[in-house]
Amino acid sequence: MAGAKDAKGTIWVVAETNADGSLAKSSTEVATLARTLAEAAGASAAGIVIAADPKAAAAELAGYVARVVAVAEPKAAGYAWAQVAAQRAAAILASESPAVILTGAGPDGRDVAGTLSALLERPVLVNATAVAWKDGGPSVEMSVFGGKLITTSAFVDGEWGIVTVRPNVVTAEEAGSKGKVETQAPAGDLDLPLVKVVDQITEAAAALPIEEARVIVAGGRGVGGPDGFALVREIAAVLGGAVGATRAAVDSGWIPYNQQIGQTGKIVKPQLYLALGISGAIQHKVGMQTAGTIIGINRDPDAPIAEFADLVVVGDLFEVGKALLAELKSRA
Ligand SMILES: Cc1cc2nc3c(=O)[nH]c(=O)nc-3n(C[C@H](O)[C@H](O)[C@H](O)COP(=O)(O)OP(=O)(O)OC[C@H]3O[C@@H](n4cnc5c(N)ncnc54)[C@H](O)[C@@H]3O)c2cc1C
């Protein structure tokens with residue numbers, strides 16, 4: 001399948017699937033990035049799907065990249081997926097000429113990247129917040145020291161490597177035309193030890209997952225306790241949005257961890273982010289700074305959020321929040 005464009009190497013994506021077999025949202029983003037980089041590099045973009053039944057996800061991935069290799073691997077179900085996927089992907093990539101391999105920076109993507117790095121003896125750049133094509137290779141922006149610094153890194157002297165990409169830093173966009181899907185049978189044994197999944201616990205999810213919400217209303221320490229989140233939830237419900245939180249609120253036990261936004265929580269990119277009683281610490285900011293419009297309600301005009309919000313309403317969040325809720329309800 002190597003074509004003229006492969007001379008410069010192909011931009012590869014190792015895709016992840018959801019429990020129902022569809023393509024993971026993070027992989028739609030990484031695949032969009034792969035295609036954008038391929039266009040800049042004059043190369044082609046390709047993807048790998050390894051799953052017990054890869055059909056649906058492979059068809060979806062072909063909406064983003066020109067070529068998809070799908071491997072039906074029964075062990076991808078019942079065993080920790082990343083160990084299985086990395087071994088199968090390494091076997092495919094060893095006979096290709098990658099210019100770079102991209103994975104998501106979630107738990108599975110990180111595991112795949114680490115195992116691929118060991119198997120292919122290639123370096124990894126982690127947690128990219130942006131990737132551009134420069135001087136024949138990826139130029140990778142990463143946020144380090146808790147978001148205090150942004151670094152730009154590249155692989156040395158024509159080396160190629162693996163890049164993990166943070167969720168929600170790229171907007172997924174399908175290509176104009178569909179790519180081709182090739183199915184390959186799993187070749188050979190899986191040599192590395194596998195981890196058997198003995199039990200799965202599904203955490204009760206919020207009504208609307210914050211990673212996909214177009215509107216997020218978030219509460220911080222300023223809401224004062226679990227009851228303070230009632231107002232946050234009410235405003236979110238009227239706006240058809242999801243509820244987010246800071247680590248301070250999560251650590252206090254006011255709201256579950258799966259709603260935490262920030263460096264050690266989720267990265268979100270809604271169109272509107274309404275922050276109630278949130279100071280805007282750097283570790284929170286790195287999780288929501290790409291939101292379309294950021295509005296804070298804070299009684300401290302000098303809170304750090306004022307430096308990057310589009311608008312800060314200075315006042316008591318309960319007073320302002322209740323007035324806002326009444327206004328929204330009157331317009332609904
Ligand atoms: C390694 C590391 C990782 C971290 N990861 C994360 C992370 O993922 N996410 C995260 O959020 N944080 C994270 N943090 C914590 C972060 O540094 C901050 O401590 C945290 O974000 C602060 O949360 P907050 O804004 O709710 O609280 P505070 O900083 O205490 O701010 C509360 C704000 O509410 C305002 N306020 C109080 N009462 C009212 C009222 N009645 N009306 C209006 N305004 C009011 C105050 O003026 C203040 O600005 C991390 C920290 C470290 C060291």
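Residues numbered from 1 in each chain as written. Predicted model: local features only at pLDDT ≥ 70, side-chain atom pairs only at ≥ 80, totals over all residues.

## A look at the site of the ligand
Part 1 of the reasoning: Neighbouring the ligand are 28 residues, the closest being Gly 220, Gly 222, Arg 247, Gly 262 and Ser 279.
Part 2 of the reasoning: Those elements that provide at least two residues to the shell around the ligand are α6 (247–251), α7 (282–288) and β13 (293–298). (Near = placed C-beta within 6 Å. Helix = DSSP H or I, 4+ residues; strand = E, 2+ residues; numbered from the N terminus.)

## A look at the domain arrangement of the protein chain
Part 1 of the reasoning: In terms of domains, the protein chain is made up of domain 1 (4–184) and domain 2 (210–331).
Part 2 of the reasoning: With nine residues of domain 1 at the contact, the number on the domain 2 side is eleven residues.
Part 3 of the reasoning: Broken down by class, the residue content of the side of domain 1 that touches domain 2 amounts to two nonpolar, four polar and three charged. (Domains from an automatic or database assignment. Contact = placed C-beta atoms within 7 Å. Nonpolar A, V, L, I, M, F, W, Y, C, P; charged D, E, K, R; others polar.)

## Regarding unusual backbone geometry
Part 1 of the reasoning: Despite not being glycine, Glu 121 has its phi angle at roughly 55°, a positive value.
Part 2 of the reasoning: Relative to the assigned elements, Glu 121 resides in the loop between α4 (107–120) and β5 (124–134).
Part 3 of the reasoning: The exposure class assigned to Glu 121 is exposed, which follows from the 7 C-beta atoms found within 10 Å.
Part 4 of the reasoning: Despite not being glycine, Asn 168 has its phi angle at roughly 70°, a positive value. (Buried ≥ 20, exposed ≤ 12 C-beta atoms within 10 Å, placed from the backbone.)

## A few points about the packing of helix α3 (residues 81–94) against α4
Part 1 of the reasoning: With their axes 8 Å apart at the nearest point, α3 and α4 run at an angle of 45° to one another. Classified by the angle between their axes, α3 and α4 sit oblique to one another. Every pair of crossing elements has a handedness; the one defined by α3 and α4 is right-handed. Where α3 abuts α4, its residues Trp 81, Ala 82, Gln 83, Ala 85, Ala 86, Ala 89, Ala 90, Leu 93 and Ala 94 lie against Asp 108, Asp 111, Val 112, Thr 115, Leu 116, Leu 119 and Leu 120.
Part 2 of the reasoning: A per-class count over the contact of α3 with α4 returns twelve nonpolar, two polar and two charged. (Axes fitted to C-alpha atoms, helices over the stretch in contact; angles between N-to-C directions. Parallel < 35°, antiparallel > 145°, perpendicular 65-115°, else oblique. Left-handed = near helix turned anticlockwise from the far one by under 90°.)

## Quick notes on the nonpolar core
Part 1 of the reasoning: Among the nonpolar cores identified, the biggest contains 59 residues, and Ile 11, Ala 34, Leu 61 and Leu 102 are the most heavily contacted of them.
Part 2 of the reasoning: With eight residues, α3 is the single largest residue contributor to this core.
Part 3 of the reasoning: Excluding anything up to four places from it in sequence, Leu 102 contacts Ile 11, Trp 12, Val 13, Val 30, Leu 33, Ala 34, Val 163 and Val 165.
Part 4 of the reasoning: Ranked by size, the runner-up nonpolar core spans 36 residues in total, among them Ala 245, Val 268, Ile 294 and Ala 303. (Core = buried A, V, L, I, M, F, W, Y, C linked by C-beta atoms within 7 Å.)

## A short note on the sheet that holds strand β4 (residues 98–104)
Part 1 of the reasoning: With respect to topology, nine strands assemble into an open sheet ordered β7-β6-β5-β8-β4-β1-β2-β3-β9, the strand pairing being mixed. Of all the strands in the sheet, just β7 (149–153) and β9 (180–184) have a single pairing partner and so form its edges. Each neighbouring strand pair of the sheet contributes to a mean axis angle of 35°, computed without reference to strand direction.
Part 2 of the reasoning: Bridge count between β5 and strand β6 (residues 137–144): six bridges; the pairing is antiparallel. Across the sheet, Val 131 pairs through a bridge with Val 140, a residue of β6.
Part 3 of the reasoning: Against the sheet, α4 touches β1 (10–15), β4, β5 and β8 (162–165), its axis set at about 170° to β8. (Pairing = 2+ DSSP bridges.)

## Focus: the sheet that holds strand β11 (residues 242–245)
Part 1 of the reasoning: Taken together, the five strands give an open sheet; going across it, the order is β11-β10-β12-β13-β14, and neighbouring strands pair in parallel fashion. In the strand order of this sheet, the two ends are held by β11 and β14 (311–314), each with one partner. The sheet shows a mean angle of 20° between the axes of neighbouring strands, taken without regard to direction.
Part 2 of the reasoning: With five bridges joining them, strand β12 (residues 272–276) and β13 adopt parallel strand pairing. What sits directly across from Leu 274, in β13, is Ile 295.

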